[in-house]
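# Coordinate inspection notes
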Amino acid sequence: SLIRIAYIRANFRAKGVDDLQMEGGPGWIDGQRYRVTSVADGAAPIEVMEGPMLQKLLEDRFHLKTHRETREASIYALLAAKSGLKIKPAAPGSCAVRDPNDTDYRAPSPGEKPYCGDANMAMSPYRFKFTLTSGTFRQLASNLGARVGRPVIDKTGIEEKFDVHLEFAPEGADPSDERTAPSIFTALSELGLKLEPSKGARDYLIIDHVEEPAGN
């Protein structure tokens, strides 16, 4: 989890797309738990503390060494259907722009505008409800990857921002149960979008070396 925050979340913040997969490392990194306490010298933005500063901590205390590789992998391409989009661009001024240097995140109060680009997921055994406020199809594609088991790359070529609402069935839900939502593929088709199996480049973070830290 610490490596994922330091490298993969930092990669997402920088690129706006979740296309970095982690591999390698001994088995204890998935089971051994640690309490990490670290104090920054002065105020630092959250993306700095969770990115470069946490990376340095892991390299110093866990002797973590990594490298990156790019490989061809199975992906989905997010495309506009031939019938055209069935969703309109977000209205100008419909959301509030969040200060990227504000480390004290506060969800908008009832009646306040939602933050631009915010993505939220409400989950039940029968349906997932996904909402993206004034976001791009690139952001939508990034959020879909975790739901379809492979990276999703935006190939629509559309740059406008949209308010997206999707309701789809979780993996393993019983399709014969009337409470179960349609598949994610059907839900996307209702917006004039589709996922097409494809091949594409994917970045991998490879753990070359890591050690259990000594006591403080």
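One structure accompanies this document, and this report is about it. (Residues numbered from 1 in each chain as written. Predicted model: local features only at pLDDT ≥ 70, side-chain atom pairs only at ≥ 80, totals over all residues. Heavy atoms only, no water.)

## Let's talk about the overall build of the protein
Under the convention used in this document: By the criteria applied, helices consist of DSSP H or I runs no shorter than four residues and strands consist of E runs no shorter than two, each listed in order from the N terminus. Think of it in three bands: with a 1.4 Å probe and only protein chains considered, a residue is buried below 20% of the maximum accessible area for its type, exposed above 50%, and partly exposed in between. By the convention used here, residues are in contact when the closest approach between their heavy atoms is within 4.5 Å. Working definition of accessibility: Shrake-Rupley area with a 1.4 Å probe, residue cover restricted to the visible protein chains.
When its secondary structure is counted, the protein shows 4 helices and 7 strands. Going residue by residue from the N terminus, the α and β elements of the protein occur as α-β-α-β-β-β-α-β-β-α-β. Overall size of the protein, expressed as C-alpha extent along the three principal axes, is 60 × 40 × 35 Å. The burial tally for the protein puts 32% of its 216 residues in the buried class. Of the contacts made within the protein by residues no fewer than 6 positions apart, 74% connect residues no fewer than 24 positions apart. With the model as given, the accessible surface of the protein reaches about 13300 Å², and the carbon-plus-sulfur share is 49%.

## Quick notes on the pattern of salt bridges
Where we set the bar: Any Lys or Arg side-chain nitrogen located within 4 Å of an Asp or Glu carboxyl oxygen qualifies as a salt bridge.
By the definition in use, this model includes 7 salt bridges. Across the pair Glu23 and Arg71 runs a salt bridge whose closest N-O atoms are separated by 3.1 Å. You can see Glu23 sitting in strand β1 (residues 20-24) and its partner Arg71 sitting in strand β2 (residues 65-80), a full 48 residues away along the chain. Looking at Arg71, the relative accessible area reads 30%, which means it is partly exposed. The closest approach of N and O atoms between Arg71 and Glu69, which form a salt bridge, is 3.1 Å. Each member of the salt-bridge network shares a partner with another, and the members are Glu23, Glu69 and Arg71.

## Some thoughts on the sheet that holds strand β6 (residues 162-168)
For clarity, the threshold we go by: When DSSP finds at least two bridges between two strands, those strands are taken to pair. Axis definition: a line fitted to C-alpha atoms, over the contacting stretch in the case of helices. Angles run 0 to 180 degrees between N-to-C directions.
One open sheet accounts for 3 strands, arranged β3-β4-β6; its pairing is antiparallel. The open sheet has two edge strands, β3 (119-123) and β6, and neither has a second partner. When strand polarity is set aside, the average angle formed by the axes of neighbouring strands in this sheet is 10°. Here 5 bridges tie β3 to strand β4 (residues 128-135), and the two strands are oriented antiparallel to one another. Each bridged residue has a counterpart across the sheet, and for Met123 the counterpart in β4 is Phe128. Contacts between helix α3 (residues 137-148) and the sheet are confined to β3, β4 and β6, with β4 contributing the most and set at about 160° to the helix.

## So, the state of the cysteines
Test applied: Any two cysteine sulfur atoms within 2.5 Å of one another count as a disulfide.
Counting across every chain of the model gives 1 disulfide. Between Cys95 and Cys116 runs a disulfide, and the two sulfur atoms are separated by 2.0 Å. On the sign convention where negative means left-handed, the S-S torsion of about 90° between Cys95 and Cys116 marks this disulfide as right-handed. Taken together, the residues Cys95 in the loop between β2 and β3 and Cys116 in the loop between β2 and β3 connect sequence positions 21 residues apart.

## As for the environment of Ser176
Quick reminder of the rule: Between N or O atoms, a polar contact is any pair within 3.5 Å; within protein, one atom must be a potential hydrogen donor and the other a potential acceptor, and residues adjacent in sequence are included only when both atoms are from side chains.
Note that Ser176 resides in the loop between β6 and α4 (184-189). Note on Ser176: relative accessible area 64%, which makes it exposed. At a separation of 2.7 Å, a polar atom in the side chain of Ser176 contacts the side chain of Asp174.

## Quick notes on the layout of surface pockets
For the record, the criterion: The distinction between a cavity and a pocket rests on a 1 Å grid over the protein atoms alone: a 1.4 Å probe fits inside a cavity but cannot get out, while a pocket stays open yet meets protein on both sides within 12 Å along at least five of seven lines, and a residue with an atom within 4 Å of a point counts as lining. Grid points are joined across faces, edges and corners, and a volume is the space filled by probe spheres set on the points.
Roughly 450 Å³ of internal volume is contained in the second largest pocket. Taken together, 16 residues line the second largest pocket, and the ones lying closest to its centre are Ser1, Leu2, Ile29, Asp30 and Gln32.

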